[in-house]
Amino acid sequence: MSKIRPQLVTIDQDAINHLLKFCKENQLHDLLVVSDRNTRRVLGQRVEEALKGAGFDVKSAFFDEDEPVADGEHVMHVLLACDRKPRTFIAIGGGTITDITRVVSHRTRCEFISMPTAPSVDAYASIGAPLIINGVKISIWAHAPIAIIADIDVLCNSPRAMIAAGFGDMIAKYTSVADFRLGALVWNEPFDPEIADRMAQTAIISAQNAEKIGSGSAEGVKALLEQLIESGYIMLDFGNSRPASGTEHHYSHLWEMKLLQEGRHGILHGAKTGFATTLGAEMYETVRNMSRSEASDRLEASNLPNRDAEVAKIRTVYGQLADEVIATHKGFVNMTEAQYDQLKQNILDHWEEVQAVAATVPSPAELVQMLKTVGGPTTIAELGLSEEEYQLADENAHYLRERFTVRKLMRVLGEKS
(Lines give C-alpha, C1' and ligand atoms only; values in the text may rest on other atoms or scores of the structure.)
Protein backbone atom coordinates (compact mmCIF):
# COMPACT_ATOMS: atom_id res chain seq x y z
CA MET A 1 0.00 0.00 0.00
CA SER A 2 1.22 3.47 -0.85
CA LYS A 3 2.02 5.84 2.01
CA ILE A 4 3.08 8.69 -0.27
CA ARG A 5 1.63 12.04 0.80
CA PRO A 6 -0.08 14.36 -1.67
CA GLN A 7 2.34 16.34 -3.81
CA LEU A 8 0.13 19.43 -3.58
CA VAL A 9 -2.36 20.73 -1.02
CA THR A 10 -4.16 24.04 -1.60
CA ILE A 11 -7.12 25.66 0.17
CA ASP A 12 -8.01 28.97 -1.43
CA GLN A 13 -10.20 30.65 -4.06
CA ASP A 14 -8.20 29.48 -7.07
CA ALA A 15 -8.83 25.74 -7.01
CA ILE A 16 -9.62 25.18 -10.68
CA ASN A 17 -6.51 27.03 -11.84
CA HIS A 18 -4.43 24.99 -9.37
CA LEU A 19 -5.94 21.83 -10.85
CA LEU A 20 -5.23 22.85 -14.46
CA LYS A 21 -1.65 23.80 -13.63
CA PHE A 22 -1.04 20.58 -11.67
CA CYS A 23 -2.40 18.40 -14.46
CA LYS A 24 -0.35 20.22 -17.11
CA GLU A 25 2.87 20.14 -15.11
CA ASN A 26 2.47 16.42 -14.40
CA GLN A 27 1.28 15.56 -17.93
CA LEU A 28 -2.02 14.19 -16.67
CA HIS A 29 -3.96 14.43 -19.92
CA ASP A 30 -6.51 11.64 -19.53
CA LEU A 31 -8.91 12.19 -16.64
CA LEU A 32 -12.09 10.80 -15.08
CA VAL A 33 -14.22 13.05 -12.87
CA VAL A 34 -16.36 11.45 -10.15
CA SER A 35 -19.26 13.48 -8.69
CA ASP A 36 -22.89 13.34 -7.60
CA ARG A 37 -25.80 15.75 -8.10
CA ASN A 38 -24.77 18.14 -5.37
CA THR A 39 -21.02 18.12 -5.93
CA ARG A 40 -21.39 18.42 -9.69
CA ARG A 41 -23.60 21.47 -9.16
CA VAL A 42 -21.26 23.27 -6.75
CA LEU A 43 -17.96 22.42 -8.43
CA GLY A 44 -17.89 19.37 -10.70
CA GLN A 45 -19.46 20.91 -13.78
CA ARG A 46 -17.09 23.89 -13.66
CA VAL A 47 -14.14 21.52 -13.28
CA GLU A 48 -15.18 19.38 -16.26
CA GLU A 49 -15.80 22.42 -18.46
CA ALA A 50 -12.45 23.97 -17.52
CA LEU A 51 -10.57 20.73 -18.20
CA LYS A 52 -12.26 20.14 -21.53
CA GLY A 53 -11.72 23.78 -22.50
CA ALA A 54 -8.01 23.35 -21.77
CA GLY A 55 -7.81 20.34 -24.10
CA PHE A 56 -7.83 17.47 -21.60
CA ASP A 57 -9.49 14.13 -22.40
CA VAL A 58 -12.23 13.94 -19.75
CA LYS A 59 -14.69 11.20 -18.90
CA SER A 60 -17.32 11.40 -16.17
CA ALA A 61 -18.61 8.97 -13.56
CA PHE A 62 -21.75 10.72 -12.32
CA PHE A 63 -24.05 9.51 -9.55
CA ASP A 64 -27.50 10.84 -10.38
CA GLU A 65 -28.42 11.01 -6.71
CA ASP A 66 -27.91 13.38 -3.79
CA GLU A 67 -26.36 10.94 -1.32
CA PRO A 68 -24.53 7.99 -2.85
CA VAL A 69 -23.28 5.27 -0.52
CA ALA A 70 -19.72 3.93 -0.41
CA ASP A 71 -20.58 0.33 -1.23
CA GLY A 72 -19.89 -2.31 -3.86
CA GLU A 73 -22.66 -1.12 -6.17
CA HIS A 74 -21.30 2.42 -6.35
CA VAL A 75 -17.74 1.19 -6.79
CA MET A 76 -18.94 -0.85 -9.78
CA HIS A 77 -20.69 2.23 -11.20
CA VAL A 78 -17.36 4.06 -11.37
CA LEU A 79 -15.56 1.00 -12.74
CA LEU A 80 -18.07 0.80 -15.57
CA ALA A 81 -17.38 4.44 -16.45
CA CYS A 82 -13.73 3.55 -17.08
CA ASP A 83 -12.33 2.67 -20.47
CA ARG A 84 -9.09 0.83 -21.26
CA LYS A 85 -7.09 4.04 -21.16
CA PRO A 86 -5.24 4.76 -17.86
CA ARG A 87 -6.78 7.88 -16.36
CA THR A 88 -6.17 10.07 -13.36
CA PHE A 89 -9.35 10.20 -11.29
CA ILE A 90 -10.67 13.45 -9.81
CA ALA A 91 -12.93 12.97 -6.77
CA ILE A 92 -15.25 15.93 -6.35
CA GLY A 93 -17.12 15.59 -3.09
CA GLY A 94 -16.91 14.56 0.52
CA GLY A 95 -15.91 11.31 2.17
CA THR A 96 -18.19 9.03 0.17
CA ILE A 97 -17.05 10.20 -3.26
CA THR A 98 -13.44 10.25 -2.10
CA ASP A 99 -13.56 6.71 -0.72
CA ILE A 100 -15.20 5.26 -3.82
CA THR A 101 -12.68 7.01 -6.04
CA ARG A 102 -9.77 5.97 -3.83
CA VAL A 103 -10.64 2.29 -4.17
CA VAL A 104 -11.39 2.29 -7.90
CA SER A 105 -8.30 4.32 -8.78
CA HIS A 106 -6.11 2.04 -6.68
CA ARG A 107 -7.53 -1.17 -8.14
CA THR A 108 -7.13 0.16 -11.69
CA ARG A 109 -3.52 1.18 -10.92
CA CYS A 110 -4.27 4.85 -11.45
CA GLU A 111 -3.78 7.93 -9.26
CA PHE A 112 -6.45 10.29 -8.02
CA ILE A 113 -6.85 13.94 -7.07
CA SER A 114 -9.18 14.96 -4.25
CA MET A 115 -11.27 18.12 -4.55
CA PRO A 116 -13.22 18.33 -1.25
CA THR A 117 -16.57 20.10 -1.38
CA ALA A 118 -17.12 20.11 2.39
CA PRO A 119 -14.86 19.91 5.47
CA SER A 120 -16.88 16.92 6.64
CA VAL A 121 -14.48 13.97 7.14
CA ASP A 122 -10.84 13.16 7.80
CA ALA A 123 -10.66 10.75 4.84
CA TYR A 124 -9.15 13.05 2.25
CA ALA A 125 -5.45 12.27 2.81
CA SER A 126 -5.77 8.75 4.18
CA ILE A 127 -5.09 5.40 2.54
CA GLY A 128 -8.17 3.70 3.98
CA ALA A 129 -11.66 3.62 2.55
CA PRO A 130 -14.51 2.40 4.77
CA LEU A 131 -16.91 0.56 2.47
CA ILE A 132 -20.12 -1.31 3.12
CA ILE A 133 -19.59 -4.81 1.70
CA ASN A 134 -22.35 -7.38 2.19
CA GLY A 135 -23.87 -5.12 4.84
CA VAL A 136 -20.72 -4.85 6.97
CA LYS A 137 -18.54 -1.77 7.17
CA ILE A 138 -14.94 -2.75 6.49
CA SER A 139 -11.76 -0.80 5.75
CA ILE A 140 -10.27 -1.26 2.29
CA TRP A 141 -6.65 -0.16 2.09
CA ALA A 142 -5.74 1.72 -1.06
CA HIS A 143 -3.77 4.96 -1.48
CA ALA A 144 -3.71 8.66 -0.76
CA PRO A 145 -4.47 11.27 -3.44
CA ILE A 146 -1.60 12.82 -5.34
CA ALA A 147 -3.13 16.24 -4.69
CA ILE A 148 -5.80 17.82 -2.50
CA ILE A 149 -7.18 20.97 -4.11
CA ALA A 150 -9.97 22.73 -2.23
CA ASP A 151 -12.05 25.78 -3.09
CA ILE A 152 -12.54 27.75 0.13
CA ASP A 153 -15.74 29.40 -1.13
CA VAL A 154 -17.27 26.00 -1.88
CA LEU A 155 -16.23 24.75 1.54
CA CYS A 156 -17.67 27.75 3.38
CA ASN A 157 -20.95 27.47 1.48
CA SER A 158 -21.33 23.76 2.18
CA PRO A 159 -24.28 22.80 4.41
CA ARG A 160 -23.72 23.74 8.04
CA ALA A 161 -24.52 20.16 9.01
CA MET A 162 -21.53 18.96 6.98
CA ILE A 163 -19.20 21.50 8.59
CA ALA A 164 -20.49 20.41 12.00
CA ALA A 165 -19.91 16.79 10.98
CA GLY A 166 -16.29 17.53 10.14
CA PHE A 167 -15.89 19.12 13.54
CA GLY A 168 -17.54 16.08 15.14
CA ASP A 169 -15.08 13.79 13.39
CA MET A 170 -12.22 15.87 14.79
CA ILE A 171 -13.29 16.06 18.43
CA ALA A 172 -13.79 12.30 18.13
CA LYS A 173 -9.99 12.14 18.29
CA TYR A 174 -10.18 12.90 22.00
CA THR A 175 -11.69 9.48 22.66
CA SER A 176 -10.04 7.64 19.77
CA VAL A 177 -6.56 8.66 20.97
CA ALA A 178 -7.46 7.78 24.56
CA ASP A 179 -8.59 4.34 23.34
CA PHE A 180 -5.37 4.08 21.31
CA ARG A 181 -3.34 4.64 24.49
CA LEU A 182 -5.61 2.35 26.52
CA GLY A 183 -5.25 -0.52 24.07
CA ALA A 184 -1.48 -0.28 24.26
CA LEU A 185 -1.54 -0.30 28.06
CA VAL A 186 -3.75 -3.30 28.70
CA TRP A 187 -4.16 -5.21 25.42
CA ASN A 188 -0.66 -4.87 23.94
CA GLU A 189 -1.91 -3.19 20.78
CA PRO A 190 0.56 -1.52 18.37
CA PHE A 191 1.24 2.03 19.53
CA ASP A 192 3.33 5.06 18.66
CA PRO A 193 3.48 7.91 21.21
CA GLU A 194 4.38 10.52 18.59
CA ILE A 195 1.39 9.47 16.47
CA ALA A 196 -0.86 9.69 19.53
CA ASP A 197 0.40 13.17 20.41
CA ARG A 198 -0.05 14.42 16.85
CA MET A 199 -3.58 13.07 16.60
CA ALA A 200 -4.52 14.53 19.98
CA GLN A 201 -3.32 17.92 18.77
CA THR A 202 -5.78 17.84 15.85
CA ALA A 203 -8.67 17.63 18.30
CA ILE A 204 -7.25 20.42 20.45
CA ILE A 205 -6.76 22.78 17.51
CA SER A 206 -10.24 22.02 16.19
CA ALA A 207 -11.77 22.70 19.61
CA GLN A 208 -9.88 25.98 19.88
CA ASN A 209 -11.46 27.09 16.58
CA ALA A 210 -15.01 25.99 17.44
CA GLU A 211 -16.55 29.46 17.31
CA LYS A 212 -14.91 30.33 13.99
CA ILE A 213 -15.93 26.97 12.56
CA GLY A 214 -19.47 27.42 13.83
CA SER A 215 -19.73 30.80 12.12
CA GLY A 216 -18.59 29.31 8.82
CA SER A 217 -15.78 31.84 8.46
CA ALA A 218 -13.04 31.18 5.91
CA GLU A 219 -10.47 31.13 8.70
CA GLY A 220 -12.40 28.59 10.74
CA VAL A 221 -13.32 26.33 7.83
CA LYS A 222 -9.76 26.34 6.54
CA ALA A 223 -8.45 25.46 10.01
CA LEU A 224 -10.94 22.58 10.20
CA LEU A 225 -9.99 21.17 6.80
CA GLU A 226 -6.30 21.46 7.68
CA GLN A 227 -6.87 19.31 10.77
CA LEU A 228 -8.99 16.83 8.83
CA ILE A 229 -6.15 16.49 6.33
CA GLU A 230 -3.58 16.20 9.12
CA SER A 231 -5.62 13.36 10.63
CA GLY A 232 -5.41 11.60 7.29
CA TYR A 233 -1.65 12.13 7.22
CA ILE A 234 -1.35 10.62 10.68
CA MET A 235 -3.30 7.52 9.65
CA LEU A 236 -1.06 7.38 6.59
CA ASP A 237 2.06 7.51 8.77
CA PHE A 238 0.77 4.91 11.24
CA GLY A 239 -0.49 2.57 8.55
CA ASN A 240 -4.13 2.20 9.64
CA SER A 241 -7.05 4.03 11.25
CA ARG A 242 -6.42 2.94 14.87
CA PRO A 243 -5.32 6.39 16.20
CA ALA A 244 -8.41 8.03 14.67
CA SER A 245 -11.08 5.43 15.37
CA GLY A 246 -12.19 4.13 18.76
CA THR A 247 -15.36 3.65 20.75
CA GLU A 248 -17.11 6.56 19.06
CA HIS A 249 -16.54 5.12 15.58
CA HIS A 250 -17.83 1.70 16.60
CA TYR A 251 -21.15 3.26 17.65
CA SER A 252 -21.28 5.15 14.37
CA HIS A 253 -20.52 2.07 12.27
CA LEU A 254 -23.26 -0.02 13.88
CA TRP A 255 -25.83 2.74 13.42
CA GLU A 256 -24.80 3.17 9.81
CA MET A 257 -25.08 -0.56 9.11
CA LYS A 258 -28.55 -0.64 10.70
CA LEU A 259 -29.77 2.36 8.71
CA LEU A 260 -28.53 0.84 5.45
CA GLN A 261 -30.08 -2.54 6.18
CA GLU A 262 -33.42 -0.86 6.84
CA GLY A 263 -33.19 1.41 3.81
CA ARG A 264 -33.38 4.52 5.96
CA HIS A 265 -31.94 7.93 5.23
CA GLY A 266 -28.30 8.10 6.23
CA ILE A 267 -26.88 10.26 9.01
CA LEU A 268 -23.58 12.08 8.44
CA HIS A 269 -20.62 10.08 9.74
CA GLY A 270 -19.20 13.00 11.71
CA ALA A 271 -22.56 13.75 13.29
CA LYS A 272 -22.68 10.20 14.62
CA THR A 273 -19.05 10.12 15.79
CA GLY A 274 -19.31 13.57 17.37
CA PHE A 275 -22.34 12.57 19.43
CA ALA A 276 -20.80 9.19 20.28
CA THR A 277 -17.70 10.99 21.53
CA THR A 278 -19.81 12.43 24.34
CA LEU A 279 -20.80 8.86 25.26
CA GLY A 280 -17.17 7.78 25.36
CA ALA A 281 -16.39 10.83 27.47
CA GLU A 282 -19.03 9.76 30.00
CA MET A 283 -17.24 6.44 30.39
CA TYR A 284 -13.86 8.09 30.75
CA GLU A 285 -15.35 10.42 33.37
CA THR A 286 -16.45 7.35 35.33
CA VAL A 287 -12.91 5.98 35.12
CA ARG A 288 -11.44 9.28 36.31
CA ASN A 289 -13.66 9.20 39.37
CA MET A 290 -13.06 5.53 40.23
CA SER A 291 -10.48 4.79 42.91
CA ARG A 292 -7.98 1.97 42.49
CA SER A 293 -9.67 0.20 45.40
CA GLU A 294 -13.05 0.32 43.68
CA ALA A 295 -11.50 -0.80 40.40
CA SER A 296 -9.86 -3.70 42.22
CA ASP A 297 -13.17 -4.77 43.75
CA ARG A 298 -14.96 -4.56 40.41
CA LEU A 299 -12.24 -6.53 38.63
CA GLU A 300 -12.25 -9.22 41.29
CA ALA A 301 -16.00 -9.64 40.83
CA SER A 302 -15.77 -9.66 37.02
CA ASN A 303 -16.22 -13.02 35.30
CA LEU A 304 -15.18 -14.11 31.84
CA PRO A 305 -18.15 -13.61 29.49
CA ASN A 306 -19.67 -16.92 28.43
CA ARG A 307 -18.58 -17.64 24.87
CA ASP A 308 -21.84 -19.28 23.81
CA ALA A 309 -23.82 -16.37 25.21
CA GLU A 310 -21.55 -13.88 23.43
CA VAL A 311 -21.88 -15.68 20.11
CA ALA A 312 -25.65 -15.97 20.52
CA LYS A 313 -25.89 -12.23 21.23
CA ILE A 314 -23.81 -11.39 18.17
CA ARG A 315 -25.98 -13.64 16.02
CA THR A 316 -29.15 -12.01 17.33
CA VAL A 317 -27.90 -8.48 16.66
CA TYR A 318 -25.93 -8.99 13.44
CA GLY A 319 -27.94 -11.77 11.76
CA GLN A 320 -26.38 -12.90 8.49
CA LEU A 321 -23.34 -10.74 9.22
CA ALA A 322 -22.63 -12.55 12.49
CA ASP A 323 -19.96 -14.95 11.21
CA GLU A 324 -17.86 -12.06 9.94
CA VAL A 325 -18.31 -10.10 13.17
CA ILE A 326 -17.39 -13.15 15.26
CA ALA A 327 -14.26 -13.69 13.17
CA THR A 328 -13.30 -10.02 13.56
CA HIS A 329 -13.82 -10.23 17.32
CA LYS A 330 -12.12 -13.58 17.82
CA GLY A 331 -9.51 -12.33 20.30
CA PHE A 332 -12.24 -11.46 22.80
CA VAL A 333 -14.79 -14.11 21.93
CA ASN A 334 -12.22 -16.90 22.35
CA MET A 335 -10.55 -15.64 25.52
CA THR A 336 -9.68 -18.27 28.12
CA GLU A 337 -10.05 -17.82 31.88
CA ALA A 338 -6.29 -17.35 32.15
CA GLN A 339 -6.27 -14.67 29.46
CA TYR A 340 -9.17 -12.87 31.09
CA ASP A 341 -7.44 -12.95 34.45
CA GLN A 342 -4.32 -11.51 32.82
CA LEU A 343 -6.38 -8.74 31.23
CA LYS A 344 -7.87 -7.83 34.61
CA GLN A 345 -4.41 -7.82 36.17
CA ASN A 346 -3.10 -5.60 33.36
CA ILE A 347 -5.88 -3.11 34.04
CA LEU A 348 -5.19 -3.02 37.77
CA ASP A 349 -1.40 -2.84 37.34
CA HIS A 350 -1.83 0.18 35.05
CA TRP A 351 -4.74 1.83 36.86
CA GLU A 352 -2.97 5.13 37.53
CA GLU A 353 -1.91 5.27 33.87
CA VAL A 354 -5.43 4.39 32.78
CA GLN A 355 -6.75 7.30 34.83
CA ALA A 356 -4.11 9.58 33.31
CA VAL A 357 -5.42 8.58 29.88
CA ALA A 358 -8.97 9.31 31.02
CA ALA A 359 -7.87 12.76 32.17
CA THR A 360 -6.97 13.68 28.56
CA VAL A 361 -10.63 13.51 27.51
CA PRO A 362 -12.76 16.62 28.09
CA SER A 363 -15.88 16.22 30.20
CA PRO A 364 -19.11 15.27 28.44
CA ALA A 365 -20.48 18.74 29.23
CA GLU A 366 -17.51 20.43 27.55
CA LEU A 367 -17.88 18.29 24.43
CA VAL A 368 -21.63 18.93 24.28
CA GLN A 369 -20.96 22.68 24.41
CA MET A 370 -18.42 22.39 21.57
CA LEU A 371 -20.94 20.53 19.42
CA LYS A 372 -23.63 23.11 20.18
CA THR A 373 -21.24 25.88 19.15
CA VAL A 374 -20.88 24.41 15.66
CA GLY A 375 -24.50 23.28 15.38
CA GLY A 376 -23.94 19.55 15.74
CA PRO A 377 -26.39 17.09 17.35
CA THR A 378 -25.91 16.50 21.08
CA THR A 379 -28.73 14.07 21.86
CA ILE A 380 -29.84 10.78 20.37
CA ALA A 381 -33.09 12.42 19.26
CA GLU A 382 -31.26 15.28 17.52
CA LEU A 383 -29.14 12.66 15.78
CA GLY A 384 -32.34 11.14 14.41
CA LEU A 385 -32.19 7.85 16.28
CA SER A 386 -34.30 6.26 19.01
CA GLU A 387 -33.43 5.37 22.57
CA GLU A 388 -33.63 1.71 21.55
CA GLU A 389 -31.03 2.33 18.84
CA TYR A 390 -28.79 3.99 21.39
CA GLN A 391 -29.05 0.93 23.64
CA LEU A 392 -28.37 -1.37 20.69
CA ALA A 393 -25.09 0.36 19.92
CA ASP A 394 -24.14 0.79 23.57
CA GLU A 395 -24.39 -2.94 24.17
CA ASN A 396 -23.17 -4.32 20.85
CA ALA A 397 -21.04 -1.87 18.83
CA HIS A 398 -17.83 -2.94 20.57
CA TYR A 399 -18.03 -6.31 18.76
CA LEU A 400 -17.23 -4.63 15.43
CA ARG A 401 -13.48 -4.29 15.98
CA GLU A 402 -10.95 -6.31 17.91
CA ARG A 403 -9.67 -3.23 19.68
CA PHE A 404 -9.58 -2.47 23.36
CA THR A 405 -11.64 0.63 24.06
CA VAL A 406 -13.15 2.38 27.06
CA ARG A 407 -16.39 0.54 26.28
CA LYS A 408 -14.58 -2.77 26.73
CA LEU A 409 -12.92 -1.46 29.87
CA MET A 410 -16.31 -0.60 31.35
CA ARG A 411 -17.57 -4.04 30.46
CA VAL A 412 -14.67 -5.73 32.23
CA LEU A 413 -15.21 -3.43 35.23
CA GLY A 414 -18.85 -4.51 35.36
CA GLU A 415 -20.18 -0.97 34.86
CA LYS A 416 -22.21 -2.07 31.82
CA SER A 417 -23.73 -5.42 30.93
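Preceding this section is the structure that the text describes.
This text gives an overview of the structure that appears in the document. Note on numbering: residues in each chain are counted from 1, in written sequence order. At least 70 in pLDDT is required for a residue's local features to be given in this predicted model, at least 80 for side-chain atom pairs to be given and counted, and no such filter applies to totals for whole chains, interfaces and linings, which use all residues. Here the side-chain values reflect all heavy atoms present in the structure, with hydrogen atoms and water set aside.

A closer look at the packing of aromatic side chains
Each Phe, Tyr or Trp ring (for Trp, its six-membered ring) is paired with any other whose centre lies within 6.5 Å, and the angle between the two planes then decides the class: stacked below 30 degrees, edge-to-face above 60, tilted in between. Scanning the model with the defined rule gives seven aromatic pairs in all. When the ring of Phe180 is compared with that of Phe238, the centres are 5.2 Å apart and the planes differ by 80 degrees; the resulting orientation is edge-to-face. Of the two residues, Phe180 is situated in helix α6 (residues 160-187) and Phe238 in helix α9 (residues 218-238); the sequence distance between them amounts to 58 residues. Phe238 matches Phe180 in its accessibility class, with the two residues each being buried. Here the aromatic cluster, defined as three or more aromatic residues joined through ring pairs, consists of Phe180, Phe191 and Phe238. Comment: the charge-over-ring label is applied if NZ (Lys) or CZ (Arg) is within 6 Å of the ring centre and within 35 degrees of the ring normal. Sitting over the face of the ring of Tyr233, Arg5 holds its NZ or CZ atom 4.3 Å from the ring centroid. For the purposes of this entry, the term helix denotes a DSSP run of H or I that reaches at least four residues, the term strand denotes a run of E that reaches at least two, and both are numbered from the N terminus. A simple rule labels every residue: compare its accessible area, found with a 1.4 Å probe on the protein chains alone, to the largest value its type can have, and call it buried under 20%, exposed over 50%, or partly exposed in between.

A look at the environment of Ser120
Structurally, the position occupied by Ser120 is in the loop between β5 (112-116) and β6 (128-133). Taking relative accessible area as the criterion, Ser120 reaches 4% and is therefore assigned buried. For the pair Ser120 and Glu211, spaced 91 residues apart in the sequence, the C-alpha separation amounts to 16 Å. Contacts of Ser120, omitting those with residues within four sequence positions, involve Gly94, Gly95, Met162, Ala165, Gly166, Asp169 and Leu228. Two residues form a contact once any of their heavy atoms are found within 4.5 Å.

A closer look at the sheet that holds strand β3 (residues 57-63)
One requirement defines pairing of two strands: DSSP has to find at least two bridges between them. Taken together, six strands build an open sheet; the order of strands is β1-β8-β5-β4-β2-β3 and the sheet is parallel. Two strands bound the open sheet, and with one partner strand each, they are β1 (8-12) and β3. Going from strand to strand, the sheet's axes swing by 15 degrees on average, the running direction of each strand aside. Those strands touched by helix α2 (residues 37-53) are β2 (30-36), β3, β4 (88-93), β5 and β8 (147-151), and its axis lies near 160 degrees from that of β2. The angle between two axes is taken between their N-to-C directions and runs from 0 to 180 degrees, where each axis is a line fitted to C-alpha atoms and a helix contributes only its stretch in contact.

Side note on the environment of Phe275
Tracing the sequence through the fold places Phe275 in helix α11 (residues 269-288). Of the residues examined, Phe275 reaches a relative accessible area of 5% and is grouped as buried. Setting aside residues up to four positions removed in sequence, Phe275 forms contacts with Trp255, Leu371, Pro377, Thr378, Thr379, Ile380 and Leu383.

Brief notes about the nonpolar core
Nonpolar side chains in soluble globular proteins generally cluster together in the buried interior. Note on terminology: a nonpolar core comprises buried Ala, Val, Leu, Ile, Met, Phe, Trp, Tyr and Cys residues joined through side-chain atoms within 4.5 Å. Of all hydrophobic cores here, the largest spans 85 residues; its most connected members are Trp255, Tyr318 and Ile347. Ile347 has contacts with Val186, Leu299, Val354, Phe404, Leu409 and Val412, leaving out every residue within four places of it along the chain. Judged by nonpolar contacts, the second largest core, of 22 residues, contains Leu20, Leu43, Val47 and Ile113.

Examining the state of the cysteines
Only a pair of cysteine sulfur atoms within 2.5 Å counts as a disulfide in this structure description. Using the criterion set out here, one finds zero disulfides in the structure. Here Cys82 stays free of any disulfide, with the sulfur of Cys110 as its closest cysteine sulfur at 7.1 Å.

Quick word on the pattern of salt bridges
A pair is scored as a salt bridge if a Lys or Arg side-chain nitrogen falls within 4 Å of a carboxyl oxygen belonging to Asp or Glu. Scanning the model with the defined rule gives 29 salt bridges in all. The partner of Asp66 in a salt bridge is Arg37, with the nearest N and O atoms 3.7 Å apart. Taken as a pair, Asp66 in the loop between β3 and α3 (72-81) and Arg37 in helix α2 lie far apart in primary sequence, 29 residues in all. Classification of Asp66 by relative accessible area gives partly exposed; the value is 39%. Classification of Arg37 as partly exposed rests on a relative accessible area of 38%. A salt bridge links Lys258 to Glu262, with the shortest nitrogen-to-oxygen separation between them at 2.7 Å. By relative accessible area, which is 43% here, Glu262 ends up partly exposed. Sharing partners across several salt bridges, the network here consists of Asp30, Asp57, Asp83, Lys85 and Arg87.

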